[in-house]
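Observations on chain architecture
Each chain is listed here by its residues.
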Amino acid sequence: MKPVHFSIFFILLLLSWCLNAHAEELTVVYPEVKAPYDKIFQQITRGIKSEFIGTVHHVKLPRKFNAKIQSNKITTNKVIALGKRGLRIAKQLYKFKPVVVGALPIKPNGISGVSLMADPNILFETLHELAPEVTAITVLYSPASEWIIAEAKIKANARGLTLNHIAVDNIKAAVVAYNKIFEGNNLDKMAIWLPLDPITANERIIIPTILEKAWENKMVVFSSKPTHAKRGALFSALPDNELLGQQLARLINNINYKSRPSTVKTLETIKLAVNLRTAAHLGFDYDSNERSGFALTFPN
Amino acid sequence: MSWNFLQNSNKSIKNQVIHFMIISITLMTIIISIVTTLGVNQQYRELMLKNAFQITEGLAKQVIFSVLSGSEQNAQEAMNQVLGFQSVLAARLLLDNHRNFLVMGNYPADIKGDTLKIITTRVIRETSEYWLIKTPINESTQSSPSEEDEFELETEVEEERIIGYAEVIYSKDKLSDAQTQVTTLITLVGVISVGLLSIVLRWGLLKLFKPLGMLASIMQQSRNTGEYLLAKISGAKEIQDIASSYNNMMTVLKQQEYDLITHRDQLEAEVGIRTKELVLARDSALISSQHKSEFMANMSHELRTPIQSIIGYGELVIEELELEGNFALIDDMDKISKNSQRLLNMINNLLDLAKIEAGKLNILQSDIFIEELVINLFDTIGPLAQKNHNNFKINPKCTLIKIINDKEKLEQLLLNLLSNACKFTEKGKITLSIYNDVNFIYFEINDTGIGLSKEQQHYIFDEFRQVDSSHSRKFSGTGLGLAISQRFVELMKGQITVKSELNKGATFTVKLPINLIL
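Notes on the structure follow. No experiment lies behind these values; they were computed from the predicted model shown.

Parameters at a glance
- Residues numbered from 1 in each chain as written.
- Chains lettered and ligands numbered in written order.
- Predicted model: local features only at pLDDT ≥ 70, side-chain atom pairs only at ≥ 80, totals over all residues.
- Heavy atoms only, no water.
- Helix = DSSP H or I, 4+ residues; strand = E, 2+ residues; numbered from the N terminus.
- Contact = heavy atoms within 4.5 Å.
- Areas by Shrake-Rupley, 256 points an atom, 1.4 Å probe, with all protein chains shown as cover.
- Buried < 20%, exposed > 50% of the residue type's maximum accessible area, 1.4 Å probe, protein only.
- Core = buried A, V, L, I, M, F, W, Y, C linked by side-chain atoms within 4.5 Å.
- Domains from an automatic or database assignment.
- Buried area = accessible area lost by both parts, 1.4 Å probe.
- Salt bridge = Lys/Arg side-chain N within 4 Å of Asp/Glu carboxyl O.
- Pairing = 2+ DSSP bridges.
- Axes fitted to C-alpha atoms, helices over the stretch in contact; angles between N-to-C directions.
- Phe/Tyr/Trp six-rings, centres within 6.5 Å; stacked < 30°, edge-to-face > 60°.
- Expected span 1.5 Å × (residues − 1).

Within chain B, the secondary structure is distributed over 11 helices and 12 strands. For chain B, restricting intrachain contacts to residue pairs at least 6 apart in sequence, the fraction spanning at least 24 positions comes to 67%. On chain B, roughly 31700 Å² of surface is accessible, and the fraction owed to carbon and sulfur atoms is 56%.

Shown next, in the form of structure tokens:
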């Protein structure tokens with residue numbers, strides 16, 4: 001063998017060793033759940049794997065577990081925590097290593113992650129496509145969803161939409177505010193945006209009445225929560241789980257866990273769930289092209 | 001009543017069982033019907049209450065928004081929905097301070113506003129016509145936990161805040177109707193069941209008990225007719241066993257009867273033969289006895305006649321010898337005379353005995369004067385007693401003057417007994433006591449002579465038996481005196497007894513009826 005060949009071979013070997021020595025490892029922790037919800041975490045994990053260069057370890061969290069003990073078992077430098085149980089692990093680790101949280105409607109609160117809250121721009125763009133007559137959007141928010149309002153306002157303005165944002169801090173205030181909305185005029189030009197908010201989009205008290213009144217008044221309601229389309233909203237945002245996984249993988253590579261404030265991103269890509277009965281009631285008729293873009297339609 | 005009936009042995013077991021079963025089934029059906037009715041009615045009531053609770057709670061959930069917003073209009077649709085239920089008479093929404101928020105329907109006037117604070121759905125008031133159900137309207141943001149919660153952030157658990165109350169007046173009409181229907185149906189079913197069961201039971205039991213009845217009938221018939229009737233073997237196993245045992249018993253009895261009849265016939269035949277033999281023997285004995293008696297009578301007469309001649313001629317010779325003074329020959333002649341007299345007495349006794357055995361001795365009833373009898377006896381026995389230096393006494397303690405009986409025989413037997421007493425007593429006492437009671441007269445002869453042993457007392461009344469029958473006996477006699485005396489007493493419908501101890505004398509008692517009735 002000639003010396004030059006030997007040198008090239010040696011360099012390649014060294015490079016390979018270096019690469020192997022510094023290969024990244026990541027742990028993804030997520031809840032152990034039954035079907036069909038387990039598919040969501042599988043899709044997210046698939047997305048993470050496709051984006052992350054390195055070894056991805058999985059940890060399934062049972063319903064009852066000790067967060068401290070579980071977090072101590074995680075030896076990788078990077079952690080992606082999914083769901084509510086994942087968040088408990090994230091809270092143990094985020095100060096010591098890079099941790100991002102996903103599959104939760106998080107807001108900036110010290111831990112980085114990708115919120116389930118869809119990018120308002122995408123929502124408004126969809127609104128424009130599906131209900132072009134709407135010119136004003138009303139959104140009630142509480143401290144849980146306050147963080148997105150500023151961005152939403154900018155994005156709405158950019159699209160020529162008026163965003164009426166009403167702050168409330170309890171259910172009663174939300175109810176009163178919503179009631180007042182329905183007493184207003186030009187409801188056919190207005191849409192109600194239901195953010196991922198436990199007060200302003202309360203499943204038990206608010207949503208049933210809002211959807212009912214919206215039906216009666218032929219008002220558009222769209223939501224950031226996937227299940228609302230099934231219940232009667234015109235459309236709601238569905239996360240693309242694989243793309244969410246990729247987004248999480250990119251984020252974990254880029255965050256500096258030591259810096260403050262944390263980085264919380266909105267969903268960059270969404271899928272649409274559309275209620276065609278509501279659409280018909282509101283007078284919207286979507287052609288096959290448009291329908292082909294809907295990930296889910298209701299009724300089934 | 002049923003227990004007395006069960007113990008009534010006049011009723012057949014079949015009827016008793018049928019009655020008992022019917023009564024039991026009826027009681028059981030009644031109890032089951034009552035329990036079922038109560039249970040069903042209770043369940044229906046609980047179901048209706050549950051339904052009412054659900055309606056009220058549903059209303060409370062639907063009107064949260066309306067109560068929170070303070071808008072009655074919002075609540076009206078929910079209220080209308082609730083009033084759409086047939087059983088809901090009225091509904092009312094109250095604020096948390098119990099002020100009316102919205103009232104719809106016919107709220108009963110007698111219900112005054114209550115301010116009862118509750119935390120769960122309850123029946124506030126119950127009448128025969130309705131329930132008043134009240135439930136809190138909770139401002140709870142918590143929904144039921146699910147797997148979807150994994151995609152929600154943890155929220156602070158808020159205390160459930162009661163923002164008002166929902167009341168519903170729920171009518172009991174349906175409940176009453178349903179309960180009446182259930183009760184009627186169950187009663188009807190019960191009655192029909194009892195009826196059908198009774199019919200089936202009766203039919204079944206009649207069939208079951210029929211073989212037993214037939215068996216009892218055969219037994220009855222057998223008892224009445226005395227025949228050994230066999231029963232048909234049929235029916236349940238136990239009845240078949242009884243019938244089989246009964247048939248065996250009848251067969252055995254029949255065989256036993258046959259054996260008895262055969263044996264009886266045999267015995268009768270033998271008895272007939274024996275009777276014939278006995279009759280022959282009796283006749284032969286009677287003839288023999290008669291012959292004997294006739295012979296005795298003839299012989300006694302043939303014997304007595306020459307003896308009497310001897311005695312007569314002997315007395316003549318004695319008289320002549322006395323006249324001649326030939327006293328040596330008088331003693332010899334005296335001996336001849338005495339022995340002849342003895343022989344004559346013996347012949348007379350034999351004759352009497354023969355007559356008695358031949359049945360030819362009759363009783364001649366006549367008046368017997370006690371005083372006269374006593375004198376005769378004293379005159380006759382007095383000298384006889386003196387021969388052995390005995391003291392003879394008569395104690396007439398009798399209250400009677402006379403009796404009616406055979407005088408000759410009475411004198412003969414008393415003389416016989418007294419002469420025996422004189423013969424067997426030396427230097428002693430001989431006493432004749434005569435006493436009486438209402439129906440009988442008693443002649444008691446007591447002596448202080450040699451007495452009799454127990455063994456001797458058994459045979460002294462036998463013929464030809466004497467107390468000393470050896471060849472060298474001391475006392476003379478034929479052994480017929482007491483036998484004849486006993487026969488005489490028996491003929492006179494009396495009784496003769498003896499009490500004695502050896503060497504301590506003897507007491508012979510003759511008991512005779514005062515008035516002999518033949």
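From this point on, the discussion continues.
Scanning chain A for helices and strands turns up 12 helices and 13 strands. Going through the 300 residues of chain A one by one, you find that 51% of them count as buried. Long-range contacts, defined as pairs at least 24 residues apart, comprise 70% of the intrachain contacts of chain A with a sequence gap of at least 6. Total accessible area on chain A stands at roughly 14700 Å², and carbon and sulfur atoms take up 53% of it.

Formed by 58 residues in total, the largest nonpolar core has its most connected members in Phe124(A), Trp193(A) and Leu234(A). Looking at this core, you find at least three residues from each of domain 1 (3–104) and domain 2 (118–239 + 270–298) of chain A. Discounting residues that sit within four places of it in the chain, Trp193(A) has contacts with Pro120(A), Leu123(A), Phe124(A), Ile137(A), Thr138(A), Val139(A), Leu140(A), Ile148(A), Ala152(A), Leu163(A), Phe222(A) and Ser224(A). Counting residues in hydrophobic clusters, the runner-up holds 55 residues, among them Ala177(A), Leu187(A), Leu93(B) and Trp131(B).

Every contact between the two is made by 34 residues of chain A and, on the other side, 23 residues of chain B. Around 2600 Å² of area is buried between chain A and chain B when both sides are counted, 59% of it from carbon and sulfur atoms. Looking at the side of chain A facing chain B, the largest losses of area belong to Tyr37(A), Lys84(A) and Arg204(A), adding up to 26% of the total buried there. Connecting chain A to chain B are one salt bridge. Close ionic contact of Arg85(A) with Glu150(B) constitutes a salt bridge, the shortest N to O distance being 3.0 Å. Where the side of chain A that touches chain B is concerned, the elements lending two or more residues are helix H2 (37–51), helix H4 (83–93), strand E4 (99–104), helix H7 (171–182) and helix H8 (206–217) of chain A.

All names here are of chain A. In spatial order, the strands read E7-E6-E8-E9-E10-E12-E13; together these seven strands make up an open sheet with mixed pairing. Sheet topology places strand E7 (162–167) and strand E13 (296–298) at the edges, where each strand pairs with a single neighbour. Put simply, the sheet's adjacent strands are angled 20° from each other on average, direction ignored. Examined bridge by bridge, strand E9 (residues 220–223) and strand E10 (residues 235–239) share two bridges and lie parallel to one another. What sits directly across from serine 223, in E10, is serine 236. The strands touched by helix H6 (residues 146–158) are strand E6 (136–141), E7 and strand E8 (190–194); relative to E7, the strand with the most contacts, the crossing angle is about 165°.

This part covers the packing of aromatic side chains. Enumeration according to the criterion identifies 12 aromatic pairs over all chains in this entry. Centre to centre, the rings of Phe41(A) and Phe151(B) are 5.1 Å apart; their planes meet at 10°, and the pair counts as stacked. One end of the pair, Phe41(A), is in helix H2; the other, Phe151(B), is in the loop between strand E4 (130–139) and strand E5 (161–171), on a second chain. Each member of the pair, Phe41(A) as well as Phe151(B), carries the same accessibility label: buried.

Right, let's talk about helix H10 (residues 241–254) of chain A for a bit. Spanning 14 residues, H10(A) covers 20 Å between terminal C-alpha atoms, matching the ideal 20 Å at 1.5 Å per step. Residues of H10(A) that are buried include every one of Asn241(A), Leu244(A), Gly245(A), Gln246(A), Gln247(A), Leu248(A), Ala249(A), Leu251(A) and Ile252(A), and no others.

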